[in-house]
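Architecture and fold: a report
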Amino acid sequence: MTKGKSVLSQASSETNKIPTLYPAKTKLQVTVIFFTVLIIYIFSMYWTQREMVGGVGGALGNMYTVIKKFFPPNFAILPNILDPLLQTIQMAIIATTIAAIITIPLALLSARNVTTFKPLYYFSRTFLNLLRTIPDLVLAVIFVGLFGIGVFPGILALIIFSLGILAKLISETIEAVDMNPMEAMRASGGNTLQVIWYALVPQVLPQYTSLVLYVFEINIRASVVLGLVGAGGIGLILNQQLGFYNYPNAMAIIIIIFVVVILIEYISNKIREALV
Amino acid sequence: MEQYSLPPKPKNAFMKRIRNIVIAIAVVALYIWTFTSIDIDWGRAIERSLNNFQRVIPKLFSPDWGALGEVSLSMLETVFIAFAGSLMAAIIAVPLAFLAANNMMGKYFSIIGKWILSAIRAFPDLILAILFVVAVGPNAFAGVLAIAIGSTGMLGKMFSEIIESIDMQVVEAMQANGANRIQILFYAVLPQIIPEFLSYAIYRFEVDIRASSILGIVGAGGIGTMIIFAANNRNWNEMGMILLAIIVVVTIIDFASAKIRQKIV
C-alpha cells in the first residue's frame, strides 16, 4: 500500500496526467500471464465440451426441463432413508475417532520441533504428503475391491483420508507452540514423554479438539458420497434411485443430505467457537 | 517460610462442572449408540480380504505401463476440468464475496451473501456433479460446472474474509478526498485484495484437481471414469497406473502452486 500512496501523492504535483499504480515491467508480466491463463481456459472449455451433444446453449436450455424432473421432491421415502442416513453419520464418527487416535504419533513424528531426528521427520512428512494426494473415493473404490461392499471399506477409506489432513494440521499446530515451557521441562530433567505430556499437550489440546471437529465435518461430507462406489451409507440409496431414474426420490435424498450437513456444521462450528 | 494456598475457586465452578458432566454423558451416549448399532460384517470382510489381498495389493504396486497413454490423456482432461472450473469459480466468487463482506454493501446484503455462500458450500462436489450430469449429459463439461459451483462457496467465503480484513483507513481517506465508489474500488480496495485473492484461487485449483479426479465416478469426465471401469473389471494393474498418475500430477501441482503463492503474497 505504501507504493500506492506514494504514487497518489505524486499525482497531486502533475494533475494533468492520470497516475498508474504499477511499473511497466509488472504490467507486461501481468499481461502475459493473463493471456496465458485465458488461452488455457479457452482450450479447457473447448476440450471439456468436445463430447457434448448440442453445445453449451442447447445443454443450458435443456437444463431447465431436466431440473424440473427433480421437482417436487418425494419426501414419502423419508422413513426408508433414515437408517442409511444414521449409518452415514456413524461411519463418520467412528472414522474420525480412530483417525484422531492414530494421528497423534504421526503428528508428533512430522513436527519439526518434536522430532529432531531429520531423516525420520522428512520420511513422515513425505508419507503424509503422498497419503493426502489420493482422493477419498479412490481409496473407497480400492477398499471395496478388497473387502467387498459394505460399511467397513467406507470407514477404512475415511480413516486413511482424514489421517492425512489431520496429521498435517496438527503437526503444524505443534510446530507453532511456545517452545519455552518445553525447554524449561527439559532443563529440569524431564524425559521426552514428560515434556510432551506436561508442556506440549496443554498448549495443543484446544486446537486439537477443534481440528478433530473440523475433520469430522469433512468426513460427514465425504461419507455421504462414499455409497456411490458401494462403501455404505446414504450414497448407496441415492445411487439406486438415480439408477432407476427416480428423480423426485433422489431430490428428497439430496435435500435431506443438505439439511443434515448444514445442521452438523452449525453444531460443530458452535462447539469450535466455544473451544478456541 | 511463606505459606502458599490455592486461589479461591471461581463462583461458577459448580455450573461448569454440571456442564462438563452433561457433555461427557452426551459424548459417551453418542459413542455407545454408534458402536452398538453399526453393522460391520466382520466375517465377510475378513474372508474377502484373505481371498483378495494377494490378488489386489501386489497388482496395485506393479502399474500397467501399457495404459500410460490413455491414463495421461484422462489425467489431462482432469486438469482441464479443474482449471476451467476453478477459474469460473474465482470469477463468480468475487461479486458474491463483495456482497457477503460486512464492510462493503451493508449489513443486510452481507447476511444474504453469507447465506448464499454457506448454502452452496453444503453440497458435496459429487452431488453437484450428479445434478449437472443429469442436466447437461455425462461429459466433462458437467464436471466443470460442478467444480465451478462447488468452489464458489468456499472461495466466496475466503474472499469475503479477505475483504473484511482490509485497511479501511485508505478507503476513508479516499472518500474524504471526494473519490467516487468506482475510484475507491480501483485505488483503495483492489490493490489490497488482489494478491490474496490470487493466492486463494490458486490454492483452490490445487483442491479442485483432487476433486475433479473423482467426478468421473458419476460420469462427469476426467480420470474418474477410468477408475470406475478399472474397479468394475478388477483390473488392478491399471488402477495402480491411475493411482500413480494422480499422485504424480497432484504432487507437481501442489509444489508449483506453493511456489507461485509464495511469490505472490
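Criteria and cut-off values
Residues numbered from 1 in each chain as written. Chains lettered and ligands numbered in written order. Predicted model: local features only at pLDDT ≥ 70, side-chain atom pairs only at ≥ 80, totals over all residues. Helix = DSSP H or I, 4+ residues; strand = E, 2+ residues; numbered from the N terminus. Rg over C-alpha atoms; globule rule 2.2 N^0.38 Å. Buried ≥ 20, exposed ≤ 12 C-beta atoms within 10 Å, placed from the backbone. Contact = placed C-beta atoms within 7 Å. Domains from an automatic or database assignment. pLDDT = per-residue confidence, 0-100. Nonpolar A, V, L, I, M, F, W, Y, C, P; charged D, E, K, R; others polar. Core = buried A, V, L, I, M, F, W, Y, C linked by C-beta atoms within 7 Å. Expected span 1.5 Å × (residues − 1). Bend = angle between axes of the 7 residues up to and from the residue. Axes fitted to C-alpha atoms, helices over the stretch in contact; angles between N-to-C directions. Parallel < 35°, antiparallel > 145°, perpendicular 65-115°, else oblique. Arc of directions from axis to C-beta.

Another aspect to go through is the overall build of chain B. For chain B, the helix and strand inventory stands at ten helices and zero strands. Secondary structure elements of chain B occur, N-terminal to C-terminal, as α-α-α-α-α-α-α-α-α-α. Relative to a compact globule of 265 residues, whose C-alpha radius of gyration would be 18 Å, chain B shows 26 Å and is clearly more extended. Along the first, second and third principal axes, the C-alpha set of chain B runs to 70 × 65 × 45 Å. Residues counted as buried form 40% of the 265 residues belonging to chain B. Residue pairs at least 24 apart in sequence account for 73% of intrachain contacts in chain B once pairs closer than 6 positions are excluded.

Looking only at helices and strands, chain A has eleven helices and zero strands in total. Reading the helices (α) and strands (β) of chain A from amino to carboxyl end gives α-α-α-α-α-α-α-α-α-α-α. Taking all 276 residues of chain A together, the buried fraction comes to 35%. Contacts spanning at least 24 positions in sequence make up 69% of the contacts within chain A whose residues lie at least 6 apart.

Here chain A is described as being made up of domain 1 (2-51) and domain 2 (75-275). Computed from C-alpha coordinates alone, the two centres of domain 1 of chain A and domain 2 of chain A are separated by 41 Å.

All names here are of chain A. Looking at chain A, the pLDDT average stands at 81 and 89% of residues meet or exceed 70. The least confident element of chain A, judged by mean pLDDT, is helix 1 (residues 2-13) at 50; the most confident is helix 7 (residues 151-175) at 88. Counted against residues more than four places away or in other chains, residues 1-5, with its pLDDT under 50, gives seven contacts.

Contact with chain A, which involves 47 residues of that partner, is made by 55 residues of chain B. Put simply, the parts of the chain that give the side of chain A that touches chain B at least two residues each are helix 2 (24-49), helix 3 (55-69), helix 4 (78-109), helix 5 (118-133), helix 6 (136-147), helix 7, helix 9 (192-226) and helix 11 (247-275) of chain A. Tallied by class, the residues present in the side of chain A that touches chain B amount to 35 nonpolar, ten polar and two charged.

The biggest cluster of nonpolar side chains holds 139 residues, and the ones touching the most others in it are Val138, Ala140 and Phe143 of chain A together with Ala129, Phe132, Ala146 and Ile242 of chain B. Beyond its immediate sequence surroundings of up to four residues, Val138 of chain A is in contact with Ile214, Ile227, Leu243 and Ile246 of chain B.

Here Gln87 of chain A lies in helix 4. Residue Gln87 of chain A is classed as buried on the basis of its 22 C-beta neighbours within 10 Å. Here the alpha-carbon distance between Gln87 of chain A and Ile234 of chain A, two residues 147 residues apart in the chain, equals 7.6 Å. Once residues within four sequence positions are removed from consideration, Gln87 of chain A is found in contact with Val151, Gly232 and Gly233 of chain A together with Ile38 of chain B.

The subject of this paragraph is helix 7 of chain A. Residue and element names in this part refer to chain A. Compared with the 36 Å implied by 1.5 Å per residue over 25 residues, the 36 Å span of helix 7 between its first and last C-alpha is a close match. The largest bend in helix 7 amounts to roughly 30° and is located at Leu163. A large share of helix 7 lies buried, amounting to 19 of its 25 residues.

To continue, consider the packing of helix 4 of chain A against helix 10 (residues 234-243) of chain A. Residue and element names in this part refer to chain A. Where helix 4 contacts helix 10, the two axes come as close as 7 Å, and the packing angle between them is 135°. Put simply, helix 4 runs oblique to helix 10. Between helix 4 and helix 10, the contacting residues are Ile81, Pro84, Leu85 and Thr88 on the first element and Ile234, Leu236 and Ile237 on the second. Split into classes, the residues belonging to the contact of helix 4 with helix 10 amount to six nonpolar, one polar and no charged.

This part covers helix 4 (residues 107-121) of chain B. Residue and element names in this part refer to chain B. Helix length check: helix 4 (15 residues) gives 21 Å between terminal C-alpha atoms against 21 Å at 1.5 Å per residue, within 8%. Along helix 4, the residues that are buried comprise Gly113, Leu117 and Ile120. Buried residues of helix 4 fall within an arc of 60° about the axis and therefore sit on the same side. Turned more than 90 degrees away from the buried face of helix 4 sit Lys107, Tyr108, Trp115 and Ala119, all of them exposed.

This next bit is on unusual backbone geometry. The phi torsion of most residues other than glycine is negative, and most of the peptide bonds are trans. With a phi close to 55°, Tyr245 of chain A is a non-glycine residue in the positive phi region. Among the structural elements, Tyr245 of chain A can be located in the loop between helix 10 and helix 11. Since 10 C-beta atoms lie within 10 Å of it, Tyr245 of chain A is described here as exposed. At Arg234 of chain B, a residue that is not glycine, the phi angle is positive and equals roughly 50°. Within the secondary structure, Arg234 of chain B sits in the loop between helix 9 (224-232) and helix 10 (236-264).

Looking now at the environment of Val212 of chain A. Residues and elements named next belong to chain A. Position of Val212 relative to the elements: it lies in helix 9. A sequence separation of 46 residues divides Val212 from Leu166, and the C-alpha atoms of the two residues are 7.1 Å apart. The contact partners of Val212, leaving out residues within four places of it in the chain, are Thr96, Ala100 and Leu166.

This part is about the environment of Phe258 of chain A. If you trace the backbone, Phe258 of chain A turns up in helix 11. Residue classification places Phe258 of chain A among the partly exposed residues on the basis of 16 C-beta atoms within 10 Å. Taking the C-alpha atoms as reference, Phe258 of chain A lies 49 Å from Ala24 of chain A; in sequence the two are 234 residues apart. Contacts of Phe258 of chain A, omitting those with residues within four sequence positions, involve Ala122 and Phe123 of chain B.

Here we come to the confidence of the model for chain B. On average, residues of chain B score 84 in pLDDT, and 98% of them are at 70 or above. For this predicted complex, the interface confidence reaches an ipTM of 0.78, while the overall pTM sits at 0.79.

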